[in-house]
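A closer look at the structure
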There are 2 protein chains.
Amino acid sequence: MSAAGPEIERLIQLLARLPGLGPRSARRAALQMLQKRDTVMKPLAEALGEAAEKIKACSICGNLDVTDPCAVCSEPRRDDSVICVVETVGDLWALERAGAFKGRYHVLGGVLSALDGVGPEDLNIAGLAERAASSQTKEIILALNATVDGQTTAHFLSDKLAGAGVEVTTLARGVPVGGELDYLDDGTLSAAFRSRRPA
Amino acid sequence: MSAAGPEIERLIQLLARLPGLGPRSARRAALQMLQKRDTVMKPLAEALGEAAEKIKACSICGNLDVTDPCAVCSEPRRDDSVICVVETVGDLWALERAGAFKGRYHVLGGVLSALDGVGPEDLNIAGLAERAASSQTKEIILALNATVDGQTTAHFLSDKLAGAGVEVTTLARGVPVGGELDYLDDGTLSAAFRSRRPA
């Protein structure tokens, strides 16, 4: 039996489903919120309800936003000739935070995985093929994770897009900024040597 | 600029205020919730709103519950003669989870702290003195944290309750279950030696 009533237990269980919060930190979070109900708890309840209601997937790129097309797709000053393909919306946000790219995006919604039973029909590949066929698209950058599944998917897409008359590129492999050679894996070191360039 | 609209950014900022969630994990949590909106996001929004609305502090012991008096205070089969004094509601819940105690509780709402400017008038000490004076109260267990502030507060309360005609006790100090001597601090080891008992 717990001293916290069923309402609090239910709240704790729901909080514990969030990534990064276990049962113990969910309990701490619930308790802290109950002590700050006007500054944290009520605004969070409203923000969650509003987000669940209003936010939807963009029908062009798959990003999540309150508008469709999303803010990135409807921004007029971005370069329509380049499409950056990412696995998830989180990757899209990471690239936007870095501010490294000013073209358009395409969210696949995952990667091919024989183990998890994810085939080409489970990803938004048809939409990508369609966008690649458009006359304004000149380049497609495959910004997939450097994992086995990510690279398998990149190969698959690169084959698929071969006849579409667009240039297909991938992100460079090499030593990350701030990376110490001693701590890098062999694959990264080999890739950095193979792609070496004039200093 | 972020690809996530202001609604999502606000949600992320509110989530990042929870203990245990930083900005990065708050973003992951927001993203995961947007993908599970019917199973996680909407129920959480409702549970938060409901909790903020309904849950209040018990006027007897200070526990948080939807009823006042709380479920612990209104449970008829608990022992009215023993009151366990704890710092926070979280401590009360921890003791209830352990199931170690079947009396009543009293939540102080913190500890005396010269550094943080917490004096006796900031804690629920008047309420405790009143409950101690009641004829049915026989024992008061000070279950405060074994920190400097916790122990200062325990001494203060023990002085304060000296004339009330109740027995005032504190939790035992010693080797925790599963504790290895080599990893315990000197204070705990000394306390365990001083309080040694027949095997």
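Computed from a prediction, not measured in an experiment: that's the story for all the values here.

**Things to note about the relation of the copies chain B and chain A**
Put simply, the second copy of the chain is the first one after a rotation about an axis and a shift along it. Laying chain B over chain A is done by rotating through 180° and shifting 0.0 Å along the axis; what remains is an RMSD of 0.1 Å. What the superposition gives is, in effect, a two-fold axis relating one chain to the other. Residue A45(B), judged by its C-alpha, is the member of chain B lying nearest the rotation axis, at 2.2 Å. Of the residues that chain B buries at the interface, 100% are likewise interface residues in chain A, meaning the two copies contact each other through the same surface.

**Notes on the pattern of salt bridges**
Residue and element names in this part refer to chain A. Under the definition given, this model contains 12 salt bridges over all chains. With its nearest N and O atoms 3.7 Å apart, the salt bridge here joins R27 to E9. Here E9 lies in helix α1 (residues 6-16) and R27 lies in helix α2 (residues 23-35), a separation of 18 residues in the sequence. No difference in accessibility class separates R27 from E9, as the two residues are buried. Of the charged contacts, one joins R77 and E75 as a salt bridge, the two residues approaching to 3.6 Å between their closest N and O atoms.

**A closer look at the sheet that holds strand β4 (residues 104-107) of chain B**
In any sheet, the strands associate via hydrogen bonds between backbone groups, in a parallel or an antiparallel arrangement. Residue and element names in this part refer to chain B. Judged by pairing direction, the sheet is parallel, and its 4 strands sit side by side in the order β4-β3-β5-β6 without closing on themselves. Edge positions in the sheet fall to β4 and β6 (167-170), since each has one partner strand and no second. This sheet shows a mean twist of 25° between the axes of neighbouring strands, independent of strand direction. Taken together, the 4 bridges between strand β3 (residues 82-86) and β4 define a ladder with parallel strand orientation. Looking at β4, one finds that C84 is bridged to Y105. Contacts from helix α6 (residues 125-133) reach β3, β4 and β5 (139-142), with the element oriented near 155° to β4.

**Considering the packing of helix α3 (residues 37-54) of chain A against helix α1 (residues 6-16) of chain B**
At a minimum axis distance of 9 Å, the contact between α3(A) and α1(B) shows a crossing angle of 145°. Our pair here, α3(A) against α1(B), has a crossing hand that is left-handed. The segment α3(A) lies against α1(B), with T39(A), P43(A), L44(A), A47(A), L48(A) and A51(A) engaging R10(B), L11(B), L14(B) and L15(B). When its residues are assigned to classes, the contact of α3(A) with α1(B) shows 8 nonpolar, 1 polar and 1 charged.

**A look at the nonpolar core**
Proteins that are soluble and globular tend to have nonpolar side chains buried together. Core analysis: the largest hydrophobic core is formed by 78 residues, its most contacted members being L15(A) and L15(B). Those residues within four positions of L15(A) in sequence are excluded, and the remaining contacts are L21(A), A26(A), A29(A), A30(A), M33(A), L18(B) and L44(B).

**Regarding the confidence of the model for chain A**
Residue and element names in this part refer to chain A. Considering every residue of chain A, the mean pLDDT works out to 90; 98% of them sit at 70 or more. When mean pLDDT is taken per element in chain A, strand β4 (residues 103-107) scores highest with 96 and helix α8 (residues 186-194) scores lowest with 85. Here the predicted complex scores 0.74 on pTM and 0.75 on ipTM.

**So, the sheet that holds strand β5 (residues 139-142) of chain A**
Residues and elements named next belong to chain A. In spatial order, the strands read β4-β3-β5-β6; together these 4 strands make up an open sheet with parallel pairing. In this open sheet, the two strands that pair with only one neighbour each are β4 and β6 (167-170). Here the average twist between neighbouring strands, direction ignored, is 25°. As paired strands, β5 and β6 are joined by 4 bridges and run parallel to one another. Directly across from I141, in β6, lies its bridge partner T169.

Conventions used here
Residues numbered from 1 in each chain as written. Chains lettered and ligands numbered in written order. Predicted model: local features only at pLDDT ≥ 70, side-chain atom pairs only at ≥ 80, totals over all residues. Heavy atoms only, no water. Least-squares fit on C-alpha atoms with pLDDT ≥ 70 in both. Contact = heavy atoms within 4.5 Å. Salt bridge = Lys/Arg side-chain N within 4 Å of Asp/Glu carboxyl O. Helix = DSSP H or I, 4+ residues; strand = E, 2+ residues; numbered from the N terminus. Buried < 20%, exposed > 50% of the residue type's maximum accessible area, 1.4 Å probe, protein only. Pairing = 2+ DSSP bridges. Axes fitted to C-alpha atoms, helices over the stretch in contact; angles between N-to-C directions. Left-handed = near helix turned anticlockwise from the far one by under 90°. Nonpolar A, V, L, I, M, F, W, Y, C, P; charged D, E, K, R; others polar. Core = buried A, V, L, I, M, F, W, Y, C linked by side-chain atoms within 4.5 Å. pLDDT = per-residue confidence, 0-100.

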